[in-house]
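What follows is each chain in one-letter form.
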Amino acid sequence: GESVGLHLPTLSVQEGDNSIINCAYSNSASDYFIWYKQESGKGPQFIIDIRSNMDKRQGQRVTVLLNKTVKHLSLQIAATQPGDSAVYFCAERPRTSGTYKYIFGTGTRLKVLA
Amino acid sequence: DTAVSQTPKYLVTQMGNDKSIKCEQNLGHDTMYWYKQDSKKFLKIMFSYNNKELIINETVPNRFSPKSPDKAHLNLHINSLELGDSAVYFCASSHSGLISNEQFFGPGTRLTVL
């Protein structure tokens, strides 16, 4: 759904710890999900994706978990590094929209503490 | 070898003026998008074009008029600019028809209306 006047949630983690960023999506008909990373002054950048017929997908240092029952996504970052500091967005693609429309979550700012 | 490029990067203008933002992608994608990101980082789709045809128009005021002269370009023209138009505008592109169609974002254009 659409964010209305919310401050950006912030997650602070110590360097080397694991990070877990959560996202609640809105449409039970969504069939594809993406996590994006947005660094200051840049556009969002693809991190990892997952289709609705999966509940877990792993990449390099990142894992995405999908719980369709409660419409919840999470992004796990292992051994968080200073370069991971950014705003992270989940995006869902409603099946009815074809391949053309993504709905973005409100975003979470990740701060990595040295 | 920039994948998705936008010009200008910064745009400062007075209320009531008309301005354009240009976007080009060299990825061979057939679908392009415009997103608006507000001061709270909320990212919302405005338009989507597939093969130069408008697919999605998310109730954007008709002061905003996208134009796609070819599949590699999607420009955004804004008439009678208002204070509320101040935001960062992102262009993106993807390849439709794939199960997973990652969107590639441009660097953004920060529009400030005075």
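Criteria and thresholds
Residues numbered from 1 in each chain as written. Chains lettered and ligands numbered in written order. Predicted model: local features only at pLDDT ≥ 70, side-chain atom pairs only at ≥ 80, totals over all residues. Heavy atoms only, no water. Pairing = 2+ DSSP bridges. Helix = DSSP H or I, 4+ residues; strand = E, 2+ residues; numbered from the N terminus. Axes fitted to C-alpha atoms, helices over the stretch in contact; angles between N-to-C directions. Core = buried A, V, L, I, M, F, W, Y, C linked by side-chain atoms within 4.5 Å. Buried < 20%, exposed > 50% of the residue type's maximum accessible area, 1.4 Å probe, protein only. Contact = heavy atoms within 4.5 Å. Disulfide = S-S within 2.5 Å. Buried area = accessible area lost by both parts, 1.4 Å probe. Salt bridge = Lys/Arg side-chain N within 4 Å of Asp/Glu carboxyl O. Polar contact = N/O pair within 3.5 Å; in protein donor to acceptor, adjacent residues only side chain to side chain. Nonpolar A, V, L, I, M, F, W, Y, C, P; charged D, E, K, R; others polar.

K.L.:
How do you make sense of the sheet that holds strand E5 (residues 56–58) of chain A when you look at a structure like this?
P.N.:
What links the strands of a sheet is backbone hydrogen bonding, and the strands pair in either a parallel or an antiparallel sense. All names here are of chain A. The strand order E2-E7-E6-E5 describes an open sheet built from 4 strands, whose pairing is antiparallel. Strand pairing shows two members of the sheet lacking a second neighbour, strand E2 (19–24) and E5, which therefore form its edges. Along the sheet, successive strands turn relative to each other by an average axial angle of 15°, direction set aside.

K.L.:
Would you mind showing me how to read the pairing of strand E7 (residues 64–70) of chain B here?
P.N.:
Side chains on a regular strand alternate between the two faces of the sheet. Residues and elements named next belong to chain B. Note: E7 against strand E8 (residues 73–78), 5 bridges, orientation antiparallel. For serine 65, the partnering residue across the bridge sits in E8 and is histidine 77. Counted between consecutive antiparallel strands, the loop separating E7 from E8 contains 2 residues.

K.L.:
Before we go on, may I ask you to explain the nonpolar core in this structure?
P.N.:
Most often, soluble globular proteins have nonpolar side chains that are buried together. Residues and elements named next belong to chain B. Trp34, Met46, Phe47, Phe64, Leu76, Tyr89 and Leu111 are the most contacted members of the largest nonpolar core, which has 20 residues in total. Secondary-structure elements contributing two or more residues to this core are strand E3 (19–25), strand E4 (31–37), strand E5 (43–50), E8, strand E9 (87–94) and strand E11 (109–113). Excluding its chain neighbours within four sequence positions, the residues that come into contact with phenylalanine 64 are Met46, Phe47, Leu76, His77, Ile78, Asp85 and Tyr89.

K.L.:
How do you make sense of the state of the cysteines when you look at a structure like this?
P.N.:
Here a disulfide denotes a covalent bond joining the sulfur atom of one cysteine to the sulfur atom of another. Applying the stated criterion to the full structure yields 2 disulfides over all chains. Between the sulfur of A:Cys23 and that of A:Cys90 lies a disulfide, 1.6 Å long from S to S. Here A:Cys23 is found in strand E2, whereas its partner A:Cys90 is found in strand E8 (residues 86–94), with 67 residues between them in sequence. Covalently, B:Cys23 is tied to B:Cys91 through a disulfide, its sulfur atoms 1.9 Å apart.

K.L.:
Even after reading the chapter, I still don't get the pairing of E5(B), so can you show me in this structure?
P.N.:
Residue and element names in this part refer to chain B. Summarising burial for E5: 7 of the 8 residues are buried, a large majority. The sheet contact formed by E4 and E5 spans 7 bridges and is antiparallel. By the bridge assignment for E5, lysine 36 is matched with lysine 44. Between E4 and E5, which follow one another and run antiparallel, lie 5 residues, and lysine 41 among them has a positive phi close to 75°. Of the strand pairs in this sheet, E5 and strand E6 (residues 53–57) are connected by 4 bridges, and their pairing is antiparallel.

K.L.:
Looking at this structure, I do not really get the sheet that holds E7(B). What am I missing?
P.N.:
Residue and element names in this part refer to chain B. The antiparallel open sheet is built from 4 strands, whose spatial order is E1-E3-E8-E7. Every other strand in the sheet has two partners, leaving strand E1 (4–7) and E7 as the edge strands with one partner each. For this sheet, the mean angle separating the axes of adjacent strands, direction not counted, is 20°.

K.L.:
Which parts of the structure should I look at to understand the interface of chain A and chain B?
P.N.:
Note on interface size: it is often stated as the accessible area lost on association of the parts. At the junction of the two partners, chain A supplies 27 residues and chain B supplies 28 residues. Buried surface at the junction of chain A and chain B, summed over both partners, amounts to about 2,200 Å²; 58% is from carbon and sulfur atoms. Taken together, the links from chain A to chain B amount to 1 salt bridge. The residue A:Lys101 makes a salt bridge to B:Glu58 at a minimum N-O spacing of 3.2 Å. In this structure, the connection of chain A to chain B is made through 3 residue pairs in polar contact (both at pLDDT 80 or more). Looking at the side of chain A that touches chain B, the elements that each hand over two or more residues are strand E3 (30–38), strand E4 (45–51) and E8 of chain A. Counting residues per element, the side of chain A that touches chain B draws most heavily on E3(A), which supplies 4 residues. Looking at side-chain class alone, the side of chain A that touches chain B contains 11 nonpolar, 9 polar and 7 charged residues.

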